[in-house]
Amino acid sequence: MKPRVENRLVQIRKSRGVGASDLARRVNVSRQTIYAIEAGTYVPNTEVALRLARELEVTIDELFSLREPAQRSPEPLAAEVLSAAPPPKGQPVRICQIGSRWVSMPVSASPYYMPEADGIIRRTGRSGGRADLLVFAKEEAQKRLVLAGCDPATGILSRMVEKISGVEIVSAAASSKLALAWLREGKVHIAGSHLEDPKSGEFNLPFIRKEFPDENVSVVTFARWEEGLVVAPGNPRGIRKVEDLARKNVRFVNREPGSGSRALLDRLLKQAGMGERNVQGYGRIAFGHLAAAYQVLSQEADVCLATRSAAQTFGLDFIPLHRERYDLVMRRRTADLPAVKALLDVLQRATLRRKLEVLAGYDTSETGALVG
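Residues numbered from 1 in each chain as written. Predicted model: local features only at pLDDT ≥ 70, side-chain atom pairs only at ≥ 80, totals over all residues. Heavy atoms only, no water.

A. Focus on the overall build of the protein. Across its full length, the protein carries 14 helices and 15 strands. Expected size for 372 residues packed as a compact globule is a radius of gyration near 21 Å; at 30 Å, the protein overshoots this value by more than 25%. Over its C-alpha atoms, taken along the principal directions, the protein stretches across nearly 100 × 45 × 45 Å. Classification of the 372 residues of the protein by burial places 46% in the buried group. In the protein, the proportion of contacts linking residues at least 24 apart, taken out of those at least 6 apart, comes to 70%. As displayed, the protein has an accessible area near 19,000 Å², and 50% of this comes from carbon and sulfur atoms. Considering the protein, the positive charge centre built from 55 side chains and the negative charge centre built from 43 side chains are found 3 Å apart. (Helix = DSSP H or I, 4+ residues; strand = E, 2+ residues; numbered from the N terminus. Rg over C-alpha atoms; globule rule 2.2 N^0.38 Å. Buried < 20%, exposed > 50% of the residue type's maximum accessible area, 1.4 Å probe, protein only. Contact = heavy atoms within 4.5 Å. Areas by Shrake-Rupley, 256 points an atom, 1.4 Å probe, with all protein chains shown as cover. Lys, Arg positive; Asp, Glu negative; His and termini not counted. Charge placed at Lys NZ, Arg CZ, Asp CG, Glu CD.)

Structure (structure tokens):
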């Protein structure tokens, strides 16, 4: 390893017209020591450094300095991309190592800030949703947890877990069915889900039994929420119920197939005797509750079906239609990891529950309860 201390001894000595032997005699060292210092192969002790500075009439800082650390260049990495839609080249991503595989999660900028990212997608098109990345550092990515799902309020949980335990949680935006599929394939640590079985009215457990028939999984409730129609402040279109989506002057934005919101909409339309052709914008897709609500905020749509928390985030009005339970699903062996135990501990904290109640409007009476 090269010494981190650099010096300008030879330049300053020669500018003063002082020979190496003369300088060595004046500071009481050998001539070879002077040459070694100038070559950078020897770093003098404090006393010798002070004598050199005094004899050459310069400050220590003028004579010696610390070498700036070399900037690490981004390194290539092949990883699976966890995204419902194909990401473009140059897309910023967060990365995480799960077992022997690397996964990456696209991150989006807010209107005012660039996203926190570990690298970018250099080339897409690899088979199986894989891509070639350029990443800045991989060390911290090995200590993270990946939580897939669509609940905007899991960000509150993530920040509290990191503050208390130092465990970083990276979110992978996904519908409930996609999140469970990624969990089954070993691409994420935890999947969030709010899928309601139309026959029994039970949330998540019937789907989990089908997805993981021969595996031990843990299912922990995050919260109960309200889902409903999200409209502009003051509800200028006068939208009150699902039947209003059939009006010609109402523009709707839908969620992606496999999402709990999409399944709820289809069920409500069927109960109202309506079909997708009756809804202007049924085929228009937004990936996630916040993305759908933002379409209403930006006046690209008049209404969407999303959570109360999404409406509150953007100051929009909300018409509740249905109550749902959002669960966190993980393999039993994953639940034994110290990082996951830290997350489960935070779920039991009153501070988290108060935040979820006030900021997201959630019912936290079952938060942290093991349901399966």
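That shown, we press on.
B. View of the packing of aromatic side chains. This structure, assessed with the given rule, holds 5 aromatic pairs. Note on phenylalanine 222 and tyrosine 326: the rings are 6.3 Å apart at their centroids and 75° apart in plane angle, and the pair reads as edge-to-face. Of this pair, phenylalanine 222 sits in strand β11 (residues 217-231) while tyrosine 326 sits in strand β15 (residues 317-331), and the two are 104 residues apart along the sequence. In this structure, phenylalanine 222 and tyrosine 326 share a single accessibility class: buried. Grouping aromatic residues by their ring pairs yields a cluster made of Phe222, Trp225, Tyr326 and Tyr362. (Phe/Tyr/Trp six-rings, centres within 6.5 Å; stacked < 30°, edge-to-face > 60°.)

C. Just the side chain of aspartate 244, in detail. In this structure, aspartate 244 sits in the loop between β11 and β12 (252-255). Overall, the relative accessible area of 9% leaves aspartate 244 in the buried class. For aspartate 244, the side chain forms a polar contact with the main-chain nitrogen of arginine 240, separated by 2.7 Å. Not counting residues within four places of it along the chain, the set of residues in contact with aspartate 244 comprises Gly238, Ile239 and Val250. (Polar contact = N/O pair within 3.5 Å; in protein donor to acceptor, adjacent residues only side chain to side chain.)

D. View of the packing of helix α6 (residues 154-165) against helix α14 (residues 350-360). At their nearest, the axes of α6 and α14 sit 10 Å apart, and the two run at 150° to each other. One element, α6, and the other, α14, form an angle in the roughly antiparallel class. As for the relative orientation of α6 and α14, their crossing is right-handed in sense. Residues Ile156, Leu157 and Met160 of α6 pack against Thr351, Leu352, Lys355, Leu356 and Leu359 of α14. (Axes fitted to C-alpha atoms, helices over the stretch in contact; angles between N-to-C directions. Parallel < 35°, antiparallel > 145°, perpendicular 65-115°, else oblique. Left-handed = near helix turned anticlockwise from the far one by under 90°.)

E. Representation of the side chain of glutamate 196 in the model. With respect to the element layout, glutamate 196 can be found in the loop between β10 (190-193) and α8 (205-211). Of the residues examined, glutamate 196 reaches a relative accessible area of 17% and is grouped as buried. Looking at glutamate 196, its side chain comes within polar contact range of the side chain of arginine 267, at 2.7 Å. Of the polar contacts made by the side chain of glutamate 196, one reaches the side chain of histidine 322; its length is 2.7 Å.

F. Inspection of the packing of α6 against helix α13 (residues 338-347) at higher detail. Where α6 meets α13, the closest approach of the two axes is 10 Å, and the angle between their N-to-C directions is 115°. Classified by the interaxial angle, the pair formed by α6 and α13 is roughly perpendicular. In this structure, α6 meets α13 at a crossing whose hand is right-handed. Residues Leu157, Met160, Val161, Ile164 and Ser165 of α6 lie in contact with α13, whose contacting residues are Ala342, Leu343, Val346 and Leu347. Looking at the contact of α6 with α13 residue by residue, the class counts come to 8 nonpolar, 1 polar and no charged. (Nonpolar A, V, L, I, M, F, W, Y, C, P; charged D, E, K, R; others polar.)

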